[in-house]
Amino acid sequence: MWKRVRRGGRPHRGTVPPVDLCDLCAVTLPADHAVRCLVPDSSCASARGGRADGLRLLTACGEEHLEELREAYRRRPFVEEELWAAKVAQVLGPGPHALTVAELARRTGLHEPEIHRAVVWHNRRLREAREHPGP
Ligand SMILES: [Zn+2]
């Protein structure tokens, strides 16, 4: 007997429906049952840049949890330097940093003064975290 093979070369085993997690309560739910919205968030830099920078996609199990999440982001200040720092961190990645400011500017699309302000913001935030560690 011939084994049936789907296109792509793998035997058919049934499809697993995509699942999502609620950003508030972490319950898993079928992706098509999740509710979503975009909110402004200066800590969120998109890999693609452009209009997606500074926007976070929230996912929730229902309207009530989505509204709680939305409210939390409404109260969170949008800090341009934080967004620029997120873009710089995305370009630098976890490895050793050997880029010049001019190269960083080219890769992030930021102006050099914005990169300097982002670095100052980032360093001040690190200092504050060291001086006032969280719980
Ligand atoms: Zn939830």
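Quick caveat, the model's predicted, so the values are computed rather than measured. (Residues numbered from 1 in each chain as written. Predicted model: local features only at pLDDT ≥ 70, side-chain atom pairs only at ≥ 80, totals over all residues. Heavy atoms only, no water.)

**Student:** Could you give me a rundown of the side chain of T59, with the residues and numbers involved?
**Tutor:** Mapped onto the elements of the fold, T59 is located in strand β4 (residues 55–60). Overall, the relative accessible area of 7% leaves T59 in the buried class. Among residues more than four places away in sequence, those in contact with T59 are D20, L21, C22, D23, A34, V35, R36 and L69. (Helix = DSSP H or I, 4+ residues; strand = E, 2+ residues; numbered from the N terminus. Buried < 20%, exposed > 50% of the residue type's maximum accessible area, 1.4 Å probe, protein only. Contact = heavy atoms within 4.5 Å.)

**Student:** Tell me about the pattern of salt bridges, and please be specific about residues and values.
**Tutor:** By the definition in use, this model includes eleven salt bridges. One salt bridge in this structure joins D20 and R36, with 2.2 Å as the shortest N-O distance. Of the two residues, D20 sits in strand β1 (residues 19–21) while R36 sits in strand β3 (residues 35–40), which places them 16 residues apart along the sequence. Among the residues examined, R36 registers a relative accessible area of 36% and is labelled partly exposed. In this structure, R70 engages E67 in a salt bridge whose closest nitrogen and oxygen atoms are separated by 2.7 Å. Within this pair, R70 and its partner E67 are both found in helix α1 (residues 63–75), separated by three residues, close to a single helical turn. Given a relative accessible area of 32%, E67 falls into the partly exposed group. Shared partners join several salt bridges into a network, and the residues in it are E67, R70, E71, R74 and R75. (Salt bridge = Lys/Arg side-chain N within 4 Å of Asp/Glu carboxyl O.)

**Student:** Which residues make up unusual backbone geometry, and what values go with them?
**Tutor:** In this structure, A26 takes a positive phi of about 65° despite not being glycine. Along the chain, A26 falls in the loop between β1 and β2 (28–30).

**Student:** So what's going on with the coordination of the zinc ion? Residues and values would help.
**Tutor:** Coordination of the zinc ion by the protein is provided by C22 (SG), C25 (SG), C61 (SG) and H65 (ND1), with metal-donor distances spanning 2.1 to 2.3 Å. For the zinc ion, the four donor atoms are set out with angles of 95 to 117° between them, so the coordination reads as tetrahedral. All donor residues of the zinc ion come from one chain, and their arrangement in sequence is C-x2-C-x35-C-x3-H. Of this pair, C22 sits in the loop between β1 and β2 while H65 sits in helix α1; the two residues are 43 residues apart in sequence, bridging distant segments of the chain. Residue C22 is classed as buried on the basis of its relative accessible area, which comes to 3%. (Donors = N, O, S within 2.8 Å, 3.2 Å for Na, K, Ca; no water. Tetrahedral: all angles 85-135°; square planar, octahedral: opposite > 155°, others 65-115°.)

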